[in-house]
Every structure is written in structure tokens, then in C-alpha cells.
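Architecture and fold: a report
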Amino acid sequence: MELNCIRLLVEDFDKCFRFYSETLGLNVTWGRIGGDYASFDIGIPSGLSIFKSDLMASAIGNSDKQLPNNSREKIAIILKVESVDNTFQILLQRGVTFIKEPTDMTAWGMRVAYFRDPENNLIEIWSELAKDQWDKDLLDEARLYE
């Protein structure tokens, strides 16, 4: 098996299309406004896609079910960036509202920031911290994989 893409099932296709293509600036590899399906390059040419939720529900036979609301995330989209701080500033200027501003996560060896897409999916941007900023437990664990 190989990963083909992560597909988000969305209610407002056009709003999500604009968010991923215009706000985040991801390259569109398939699809357009007014469509049913689109894919975006996330380091994998069509690694992230959006598809109308109602069409998937119809395909698998659960159109009678409601979408979950008011629950914890079961998925997060993780995007590696060169600089969390620079990307944070660019996305702020494009109107993105962050739920967590850039923060060092020394136990993870990462600098991260979090926001949501128009369908409330959690997105993390991250960049690696220099190893001298990692906490001791992470350094010890990393040695196991060298």
C-alpha cells in the first residue's frame, strides 16, 4: 500500500477551495471553484484533497447520518514550513485566525502554530528546532533511532 492523499470531506467546497489555494497558497493539482473535487500539492503532488461530503455520504450509503459537532479532533493536517514565525505572519496578513501562536515544543523538537480551515479542521504548521533546544528526554529517545 501507499498513501495517495488525505481527503477532507467538506460542506462548503468553494470556501475550502479558496482557503487552501488562495489563503494557504497551495498549488492546485486538480479542480476548480464550483467543482466537487480538488487536490493540492503538499509535498506530495496531490497529497491533500477536498470532496463534497454529501457525495461521499451518498457513495457509502450514510446520507441519513449527521456530521459530528462539538467534539475533539480525530485528524490534524500537519504542514512543515521553513519558518513558523514567517509563515505565521504571512497567514495573519491573509486573514487566518490562529488558535495557538508560534510556540516552542521542546519535548517534540518543533516550533508549532495552530489554526483551523473553514470546515474547522485543525492545521499545524511546524519547523524543526535546533537539537540544542530539544529537551533531554527527546534527545535520549532520538539516540535510539540513530
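Heads up: the structure comes first, above all this text.
Residues numbered from 1 in each chain as written. Predicted model: local features only at pLDDT ≥ 70, side-chain atom pairs only at ≥ 80, totals over all residues. Heavy atoms only, no water.

Some points on helix α1 (residues 13-23)
What counts, and what does not: When accessible area is computed with a 1.4 Å probe and restricted to protein chains, residues below 20% of their type maximum are described as buried, those above 50% as exposed, and intermediate ones as partly exposed. To qualify as a helix, a DSSP run of H or I must reach at least 4 residues; to qualify as a strand, a run of E must reach at least 2; elements of each kind are numbered from the N terminus.
The complete set of buried residues in α1 reads Phe13, Cys16, Phe17, Phe19, Tyr20, Ser21 and Thr23. At the C-terminal side of α1, Gly25 shows a positive phi close to 75°.

Re the packing of aromatic side chains
The line we're drawing: Any pair of Phe, Tyr and Trp rings, taking the six-membered ring for Trp, is counted once the centres come within 6.5 Å. Such a pair is stacked with planes under 30 degrees apart, edge-to-face with planes over 60 apart, and tilted for the rest. Whether a charge lies above a ring is judged from NZ of Lys or CZ of Arg, which has to be within 6 Å of the ring centre and within 35 degrees of the ring normal.
Summed over all chains, the structure comprises 8 aromatic pairs. Ring geometry for Phe17 against Phe40: centres 5.8 Å apart, planes inclined by 50°, an arrangement best described as tilted. Of the two residues, Phe17 sits in helix α1 while Phe40 sits in strand β3 (residues 37-40), which places them 23 residues apart along the sequence. Residue classification places Phe17 among the buried residues on the basis of a relative accessible area of 8%. When the ring of Phe19 is compared with that of Tyr20, the centres are 5.1 Å apart and the planes differ by 90°; the resulting orientation is edge-to-face. One Lys or Arg, Arg7, reaches over the ring of Phe51 and ends 5.7 Å from the middle of that ring.

Some details on the pairing of strand β6 (residues 98-105)
The condition that has to hold: Only when DSSP finds a minimum of two bridges between them are two strands counted as paired.
Where β6 and strand β7 (residues 110-116) come together, 5 bridges link them in antiparallel fashion. In the strand pairing of β7, Lys100 is matched with Tyr114. Here β6 folds back onto β7 in antiparallel fashion, the turn holding 4 residues, of which Gly109 has a positive phi close to 75°.

Describing a nonpolar patch on the surface
Applicable threshold: A patch consists of residues whose relative accessible area exceeds 30% and which take part in no salt bridge; residues with like charges are grouped when within 9 Å of each other, and nonpolar side chains (Val, Leu, Ile, Met, Phe, Trp, Tyr) when within 5 Å. In short, Shrake-Rupley with a 1.4 Å probe defines the accessible areas, and a residue's cover is counted only from the protein chains shown. The term salt bridge refers to a pairing of a side-chain nitrogen on Lys or Arg with a carboxyl oxygen on Asp or Glu at a separation within 4 Å.
A cluster of nonpolar side chains, namely Leu3, Ile6, Ile44 and Ile75, defines an oily patch on the protein surface of about 330 Å² accessible area. Structurally, the position occupied by Ile75 is in the loop between α2 (53-60) and β5 (76-80). Looking at Ile75, the relative accessible area reads 41%, which means it is partly exposed.

Overview of the sheet that holds strand β1 (residues 6-10)
Paired through their backbone hydrogen bonds, the strands of a sheet run either parallel or antiparallel. The condition that has to hold: A fitted line through C-alpha atoms serves as each axis, taken over the contacting stretch for helices, and the angle formed by two N-to-C directions is quoted from 0 to 180°. Throughout, a residue-residue contact means that at least one pair of heavy atoms, one from each residue, lies within 4.5 Å.
Taken in spatial order, the 4 strands line up as β1-β4-β3-β2 in an open sheet, and their pairing is mixed. Bordering the open sheet on either side are β1 and β2 (28-30), each of which pairs with just one other strand. Ignoring strand direction, the axes of neighbouring strands in this sheet form an average angle of 30°. Two elements, β2 and β3, share 2 bridges in a ladder whose sense is antiparallel. Opposite Val28, over in β3, you have Phe40 as the bridge partner. The strands touched by α2 are β1 and β4 (48-52); relative to β4, the strand with the most contacts, the crossing angle is about 75°.

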